[in-house]
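Close look at the chain arrangement
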Amino acid sequence: VFQVSIREYAPFLFLGIIAWQFVTESILQGCNSFRLGSTYLRVRPIPIAIFPLRIVLSAGTHGLIGLVAAGLVIWFCQGIDHPLALLSLIPAAMIFTITAWSLACICGILHTAFSDTQQIAEITLQALFYATPVIYVPESLHQASWLHLLVECNPFASLLELIRKPLLHGEL
């Protein structure tokens with residue numbers, strides 16, 4: 001697929017889907033985070049950012065399980081050239097978590113005012129899925145194409161590279 005061997009493409013695809021699922025789950029479940037925590041909010045005054053954080057940590061647990069499985073697949077298919085590069089996954093996971101938490105908070109606040117926010121987020125995330133190199137290798141796009149520019153300007157593509165580079169290429 002895309003002139004890439006299956007031994008290289010399978011881990012690439014696996015990591016992309018794991019990372020995208022974490023972001024998607026955080027945003028979509030974050031829309032309902034304040035409604036799900038409304039009984040707690042009525043009983044005692046607590047910081048409202050805790051409710052989206054609970055959603056993101058739950059999605060993070062699922063993502064971490066998938067990341068361990070992906071690491072095993074990569075180790076089996078390609079081997080890990082630079083094990084010290086895996087340490088860069090720690091700040092990458094923190095950046096990913098803070099980004100997902102921020103987006104979950106924004107969507108949760110918007111959803112309390114506009115009840116259609118979750119449906120709009122689903123459609124937007126579906127469009128962003130194809131604009132982000134989750135299932136295709138960014139190098140497969142022609143340099144002169146406007147699609148290549150779309151991928152370069154996409155902030156989610158940079159987030160995916162934070163996870164992919166240490167595991168697939170051993171780069172920091």
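Predicted model only: the values in this text are computed from it and were never measured.

Once that is clear, we can look at the overall build of the protein. Assigned secondary structure in the protein consists of eight helices and zero strands. N-terminal to C-terminal, the α/β element order of the protein is α-α-α-α-α-α-α-α. Along the three orthogonal principal directions, the C-alpha set of the protein runs to about 55 × 35 × 20 Å. When the 172 residues of the protein are sorted by exposure, 40% land in the buried category. Considering only contacts within the protein whose residues lie at least 6 apart along the sequence, 80% involve residues at least 24 apart. Working note: accessible area of the protein is about 10,200 Å², and carbon and sulfur atoms make up 71% of it.

Counted by the stated rule, this structure contains one salt bridge. We note a salt bridge from E171 to K165, for which the minimum N-O separation is 3.5 Å. The class for E171 is partly exposed, based on a relative accessible area of 36%. Taking relative accessible area as the criterion, K165 reaches 31% and is therefore assigned partly exposed.

Counting residues in each nonpolar core, the largest one holds 32 residues, and the members touching the most others are L15, F22, F96 and I163. Secondary-structure elements contributing two or more residues to this core are α1 (6–31), α4 (50–77), α5 (89–113), α6 (117–131) and α8 (155–169). Leave out the neighbours within four places in its chain, and F96 touches A19, F22, V23, L159, L160 and I163.

Here we come to α6. The terminal C-alpha atoms of α6, which comprises 15 residues, lie 21 Å apart, in line with the 21 Å expected from a rise of 1.5 Å per residue. Buried within α6 are the following residues: T117, Q118, A121, L125, F129 and A131. When α6 is viewed along its axis, its buried side chains cluster within an angular range of 155° and face the same direction. The outward face of α6, more than 90 degrees from its buried face, is lined by the exposed residues I120, I123, Q126, A127 and Y130. Buried-residue contacts for α6 involve α1, α5 and α7 (146–152).

One full turn of an α-helix is made of 3.6 residues, so residues set three or four places apart face in the same direction. Counted at 1.5 Å a residue, the expected span for α8 with its 15 residues is 21 Å, and the 20 Å between its end C-alpha atoms agrees. The largest bend along α8 measures about 35° and falls at I163, with the proline P166 one to four residues further on. For α8, the full list of buried residues reads F156, A157, L159, L160, I163, R164, P166, L167 and L168. Elements that come into contact with the buried residues of α8 comprise α1, α4, α5, α6 and α7. Where α8 begins, one side-chain oxygen reaches toward the backbone nitrogen of F156, 2.9 Å away; that side chain belongs to N154. G170 sits one or two residues past α8 and shows a positive phi near 70°.

For the rest of this paragraph, the subject is the packing of aromatic side chains. If you walk through the whole model with that rule in mind, you get five aromatic pairs. In textbook terms, an aromatic cluster arises when at least three aromatic residues are bridged by ring pairs, as seen for W20, F129, Y130 and F156.

Calculation criteria
- Residues numbered from 1 in each chain as written.
- Predicted model: local features only at pLDDT ≥ 70, side-chain atom pairs only at ≥ 80, totals over all residues.
- Heavy atoms only, no water.
- Helix = DSSP H or I, 4+ residues; strand = E, 2+ residues; numbered from the N terminus.
- Buried < 20%, exposed > 50% of the residue type's maximum accessible area, 1.4 Å probe, protein only.
- Contact = heavy atoms within 4.5 Å.
- Areas by Shrake-Rupley, 256 points an atom, 1.4 Å probe, with all protein chains shown as cover.
- Salt bridge = Lys/Arg side-chain N within 4 Å of Asp/Glu carboxyl O.
- Core = buried A, V, L, I, M, F, W, Y, C linked by side-chain atoms within 4.5 Å.
- Expected span 1.5 Å × (residues − 1).
- Arc of directions from axis to C-beta.
- Bend = angle between axes of the 7 residues up to and from the residue.
- Polar contact = N/O pair within 3.5 Å; in protein donor to acceptor, adjacent residues only side chain to side chain.
- Phe/Tyr/Trp six-rings, centres within 6.5 Å; stacked < 30°, edge-to-face > 60°.

Everything listed here is a matter of coordinates, which is why it stays silent on function.
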